[in-house]
Each structure stands twice: as structure tokens, then as C-alpha cells.
Amino acid sequence: MAKAFKDLTAQELVALAISQEEEDGRIYGAFAERVRADYPDTAASLDAMQAEEDGHRHRLIEVYRARYGDRIPLVRRQDVRGFFARKPLWLAKVLRVSQIRAEVEAMEENARNFYRAAIAKTTDAEVRELLGDLALEEDKHYTRAETMDRQQQASGARQREDEAERRRFVLQNIQPGLAGLMDGSVSTLAPVFAAAFATHSSHTALIVGLAASIGAGISMGFAEALSDDGVISGRGRPLLRGVICGLMTTAGGIGHTLPFLIPGFLMATWIAIAVVAVELLVISWIRHRYMDTPFLAAAFQVVVGGVLVFITGILIGSA
């Protein structure tokens, strides 16, 4: 059963502080290992903070032994009612450096507030002195967490890490999504408009469009997921890439299919054509934004391909 913070004894407060320092140190170590290969400067800062947390733990244990003996009760943050809880961010499969920096600041602020509150709850002079010293050191840690970005920006490390993170994001998320969106938007044009012009039936075009979009999404999703395991290429987890690619492929085809929910064939067709134009512009913008392709060049390449497929569908449907 959880115990209220205000009801903790001085002995339990020190035990909680020991547990907290140990947990924080392990979290910093976990963060450092997650980013060491790609972001060595951030990992070095986290290693230093882990070492300092370990030093805090040793000092707390020394005071505890002197005051209460060798048996330290296991008092954890989840055992204290109203105590700040942490989401296990360090277990997230996708972890950005910006998330780590924000979490470090939050952890240090929580630790600082804990020591300040704990000081008011004990009358033991040595314990109060140690808790006060640790509160001051946590203040320094908090300042370090706040200035970590500025230090790395000054050294150029932040820029290198941000660029590496952007490349990783583009490689693992944007590229499979863009490939799916292009395939779904362009490849489904021919069957959808061929069915529309062959039957002059919005319902038929809708059914064909849904089948083509969903089928293409499943096919592209499996193809992307099975293309490589991402270990050597750095493209990330194949399942995630497959899901992104499949969903974007389906979305690309569904966009110009849904207008055929309108019973009137001519109105549905014109709206579908307008949606196609928007889709092609969106694809061009994404290529320009993330692939560093000049917008006009990207638009020309995408529009030419889309128009050719669109005309093919109309010619086949009108034959």
C-alpha cells in the first residue's frame, strides 16, 4: 500500500533518495547506450551525469549506514502516494535526442524539488546537511541539462546530431511513406478512371478504386517490410516501414476514389481530378521539403508521371 510523502520517516526519506539516485543513474546509462553510436557528445554528457548520480548514491548510503545500519528498506517512488511518476521513455522503440534532453531536464527538476521537500521533513543535522548539499548539486545538474543544448550548439555537436537525426527520420519514416504515397496516388489512377469512363458509373469506379487502393497498400506494405531488415542499411524496423508504406499507399489511392461516393458521374469525376492535382502537389512538396529536390523539378517529375497514367486510364476506359 502506498504511503503519503508527508508520512515518511527520515529513514524512509533517505532510503527513497538512495533508490531514486540509483534509478536516475540507470536511466541516464540507458539513454547513453541508446544514442552512443549516433550521438557521442550527448552520450558523453549522459555518462557524466550517471557517474555523478552514482556518487550521490554512495554518499547517501554512507550516511544511512552511520545513522540506521546496513539494512536499507526498498522504498521506491511508486511506493509513495502523490510522488512524481515517470513514463518509461527509455524503453521507447523510437527515441529522439530532443526527447532525451527534455526528459533529463524534467528528471533533474524533480530530483531538486524532492530534496528541497525532504529537507523540511528531517531534524537530523547530518541528514539535513547532506540533503541540502544534494539539492544544490541537483540545481547544478538542472542548469547543466538546460545548458547542454547551448554547449553542443557552440561546439557544433548539436548541429551534427540534429542533422543525423533528420537523416534517420527521413530514411526510416519519410522515404517509405513517400514511396507508398506516390505509388498509391499514381498507380491507382489508371484503374479508377478506366472504370469510370468505361461504365460512367460512380459506384463501379468507387469499388474499383477501393480494391486497387487497399490491394496496393497490402502489396506495398509487404514489399517494403521484406525488402531488408534495416540493420545494415539503417532504415529502421521493417515492420514499421511496412506499416507506414502500406497505409500511405492506401491513403494515396483512397483520396481520388472517395469522390465517387457522389452519385453524379460528371461531378464526381471533376472532383476526383481536382483531388489528383492536390495529391501530386503534396507529393512534390514532400520531395522538396525532405529530399532537397527543387520544387519545380519535383512537381514536373511527379506531374508528368501522374498525367501519363491518368491519360492511360481514360484512353483504356473510353476504348
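Rules behind the numbers
- Residues numbered from 1 in each chain as written.
- Predicted model: local features only at pLDDT ≥ 70, side-chain atom pairs only at ≥ 80, totals over all residues.
- Heavy atoms only, no water.
- Core = buried A, V, L, I, M, F, W, Y, C linked by side-chain atoms within 4.5 Å.
- Buried < 20%, exposed > 50% of the residue type's maximum accessible area, 1.4 Å probe, protein only.
- Helix = DSSP H or I, 4+ residues; strand = E, 2+ residues; numbered from the N terminus.
- Phe/Tyr/Trp six-rings, centres within 6.5 Å; stacked < 30°, edge-to-face > 60°.

Caption draft 1: Representation of the nonpolar core in the model. Ranked by internal contacts, the top residues of the largest apolar core, which has 23 residues, are L60, F114, Y115 and L131. Elements that contribute at least two residues to this core include exactly helix 1 (10-35), helix 2 (40-68), helix 3 (97-119) and helix 4 (125-155). At six residues, helix 1 tops the list of elements feeding residues into this core.

Caption draft 2: Layout of the packing of aromatic side chains. Taken as a whole and assessed by the stated rule, the structure comprises four aromatic pairs. Here Y64 and Y68 contribute two aromatic rings whose centre-to-centre distance is 5.1 Å and whose plane-to-plane angle is 55°, an arrangement assigned as tilted. One end of the pair, Y64, and the other, Y68, are both in helix 2, four residues apart, so they sit about a helical turn from each other. The exposure class assigned to Y68 is partly exposed, which follows from its relative accessible area of 27%. Aromatic side chains F197 and F265 sit 6.0 Å apart centroid to centroid with 85° between the ring planes, which places their arrangement in the edge-to-face category. Remark: F265 occurs in helix 9 (residues 265-290) and F197 occurs in helix 6 (residues 189-199); sequence separation between them is 68 residues.

Caption draft 3: Examining the environment of L16 more closely. Mapped onto the secondary structure, L16 falls in helix 1. For the pair L16 and D79, spaced 63 residues apart in the sequence, the C-alpha separation amounts to 9.3 Å.

Caption draft 4: Up close: helix 6. Three or more residues of helix 6 are buried, namely L189, A190, V192, F193, A194, A195 and A196. Phi turns positive, to about 50°, at H200, one or two residues after helix 6.

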